[in-house]
Amino acid sequence: MGRMLEQCFRLAQELLDAEQTSAPMPKVSPEKMMRELDLALPRQGRSEEEVFAQMREVLAFTPQTSNRRFFNQLFAGRVEMAGAAEVLSGLLNLSMYTFKVAGPHILIEHQLVRRMAALAGWPEGGGTFVPGGSMANLVGMILARNQAAPHFRDHGGEGQRLMVYMSAEGHYSVTKNAGMLGFGRHQVRHVRSDRQGRMDVQALEQAIGQDLAAGAIPCVVVATAGTTVRGAFDPLRAIAEVCERHQAWLHVDGALGGGLVLHPEWRAKLDGLELADSFTWDAHKAMGIPLICSAILVKRPELLAQNFRESADYLFQADSDHLNPGTKSIQCGRRNDAFKLWAAWQHLGDEGWAERIDRQVALAEYAANRLEQHPRIQLCEPPHSFTVCFEVAGKSSAEICDVLHQRGDAVIGYGRYEERYVLRLVTVNPLVSHDEIDRLIEKVDEVAAALPDHAPASSSAR
Ligand SMILES: *Cc1c(COP(=O)(O)O)cnc(C)c1O
């Protein structure tokens, strides 16, 4: 193992060097990759050297999400201490279901979820790490469903229509989860959002009123704290008031913006969060922890065990349930996603997180200012947090993205803004400086100028 690790670290060093100098991996077709890479599984094992040589080739074709020209995803760049701890987690290979096999890592996870819940405004709260924001939303929706329909867990649905509400800008996982949980995808109301991309609370109230009149039960409102494309924040306090009146569960999807509770001023974007029941917080997005690092946090932590506990006498043998988080998770075996976040938090402290947020938000503001002054590019709206939406009038955003990718200039995506597709720049990578933003804007301008004019906006879908 020691020898392999040495080789592994040599490869890692090459990767770090390449990230500094090369393009973030130009667009290569899967056919070309299949031709150039030796991916088939062999009958006979190969030598260490051969496998490392193969891995080196795979790395050469791998998108570099920590490259300074990678702006495509809600994650990019890395918090170095977390990356180092993740290597150790891989070697430790724990499963986070019992104290017996995970020891201090269970206590570390407790520290984290308690602290994160307290930051949400729940001093008695708790939670658990889950494999991603979609799964955190799933857990929140299960709790909501079982609160509204206590028989559901044991007996299944009894024919009531349980309704789910989220804004039109909410994440697709909510609809998918509704399909998996017996709500039914068609029981999700996509509530209109306002010009700023925030849920329209009056429209929510109306939708609930209509559903009640039709005999359905308003079960859960999923409010978004940092929408996926625009980075907008739903008005939590006003939504909580509506939920309270109708006894609906309030789940806050903070996959993107949840970390803002670490900042004394930006926290105001999530004003009213303490009135919610559950909260999704991805540390692998704006906080730069390697994927996956997500928590579901709940105001009343006892609900997790009540809704997920099963007896497994071969597994939960020693220690109290409190120390065996397997009694409150969907999974049996569960990765250790806590250690890397804990190590990063040790290194940065609360102050370091706040500085990081300041920096990344300032980067979005810098980009917005540059775009606003640009003669040929239009900023769609002032940024709400870590994403900046912009477009070039008469040009296809999708084509601009494709050409930038093809040329190795930048990897950036596009998303739906009102009725059209626009470019979306994500500013979560701490390695990105003003220079890279300036360069990106120059390249967008250059590429757009060379593209033919495009049909009117509404048909600019690919
Ligand atoms: C990314 C995202 C999710 C999904 O999180 P994963 O960790 O990718 O599963 C959910 N909600 C919002 C608002 C997101 O931006």
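Everything discussed here concerns the structure shown above.
What comes next concerns the included structure. (Residues numbered from 1 in each chain as written. Predicted model: local features only at pLDDT ≥ 70, side-chain atom pairs only at ≥ 80, totals over all residues. Heavy atoms only, no water.)

Examining the nonpolar core
Residues Ile-289 and Leu-341 are the most contacted members of the largest nonpolar core, which totals 71 residues. Among the elements that take part in this core, helix 13 (residues 338-373) stands out by supplying nine residues, more than any other. For Leu-341, the residues in contact, after removing those within four places along its chain, are Leu-112, Met-116, Phe-129, Ala-283, Met-287, Ile-289, Cys-293 and Trp-353. (Core = buried A, V, L, I, M, F, W, Y, C linked by side-chain atoms within 4.5 Å. Buried < 20%, exposed > 50% of the residue type's maximum accessible area, 1.4 Å probe, protein only. Helix = DSSP H or I, 4+ residues; strand = E, 2+ residues; numbered from the N terminus. Contact = heavy atoms within 4.5 Å.)

So, the sheet that holds strand 6 (residues 278-282)
Spatially, the seven strands line up as an open sheet ordered 1-7-6-5-4-2-3, and their pairing is mixed. Here the strands that pair on one side only, and so sit at the sheet edges, are strand 1 (126-130) and strand 3 (188-191). Strand-to-strand, the axes of this sheet are offset by a mean angle of 20 degrees, without reference to chain direction. Sheet topology note: the strand 4 (residues 217-224)/strand 5 (residues 249-254) ladder contains five bridges and is parallel. Within strand 5, the position partnered with Val-220 by the bridge is Trp-249. Where helix 7 (residues 133-148) meets the sheet, its contacts fall on strand 1, strand 2 (162-167), strand 4, strand 5, strand 6 and strand 7 (294-298), and the angle it forms with strand 5 comes to roughly 175 degrees. (Pairing = 2+ DSSP bridges. Axes fitted to C-alpha atoms, helices over the stretch in contact; angles between N-to-C directions.)

Some remarks on the site of the ligand
Near the ligand, the surroundings consist of 14 residues, among which Gly-133, Ser-134, Asp-253, Asp-282 and Lys-285 are the closest. Contact between the ligand and Ser-134: an oxygen atom at 2.9 Å from a side-chain N or O atom of the residue. Between the ligand and Lys-285 there is a distance of 2.9 Å, counted from an oxygen atom to a side-chain nitrogen or oxygen. Its free accessible area being 380 Å², the ligand has 86% of it covered by the protein chains. Looking at side-chain class alone, the shell around the ligand contains two nonpolar, nine polar and three charged residues. (Near = heavy atom within 4 Å. Polar contact = N/O pair within 3.5 Å; in protein donor to acceptor, adjacent residues only side chain to side chain. Areas by Shrake-Rupley, 256 points an atom, 1.4 Å probe, with all protein chains shown as cover. Nonpolar A, V, L, I, M, F, W, Y, C, P; charged D, E, K, R; others polar.)

Considering the packing of helix 1 (residues 2-21) against helix 3 (residues 48-60)
At their nearest, the axes of helix 1 and helix 3 sit 11 Å apart, and the two run at 20 degrees to each other. Taken together, the axis directions place helix 1 and helix 3 in an arrangement best described as roughly parallel. Helix 3 is crossed by helix 1, and the crossing has right-handed handedness. Together, Arg-3, Met-4, Gln-7, Cys-8, Leu-11 and Glu-14 of helix 1 and Glu-48, Glu-49, Phe-52, Met-55, Arg-56 and Leu-59 of helix 3 make up the contact between the two elements. Taken together, the residues of the contact of helix 1 with helix 3 break down into six nonpolar, one polar and five charged. (Parallel < 35°, antiparallel > 145°, perpendicular 65-115°, else oblique. Left-handed = near helix turned anticlockwise from the far one by under 90°.)

What to know about helix 9 (residues 172-180)
Within helix 9, the full set of buried residues consists of Ser-173, Val-174, Thr-175, Asn-177 and Ala-178. The elements touched by buried residues of helix 9 are helix 7, strand 2, strand 3 and strand 4. Downstream of helix 9 by one or two residues, Gly-182 has phi in the positive range, about 85 degrees.

As for the side chain of Lys-395
For Lys-395, the position within the fold is in the loop between strand 9 (387-391) and helix 14 (397-407). According to the relative accessible area criterion, Lys-395 is buried, its value standing at 16%. Among the polar contacts made by the side chain of Lys-395, one reaches the main-chain carbonyl oxygen of Leu-451 at a distance of 2.5 Å. Polar side-chain contacts of Lys-395 include one of 3.1 Å to the side chain of Asp-453.

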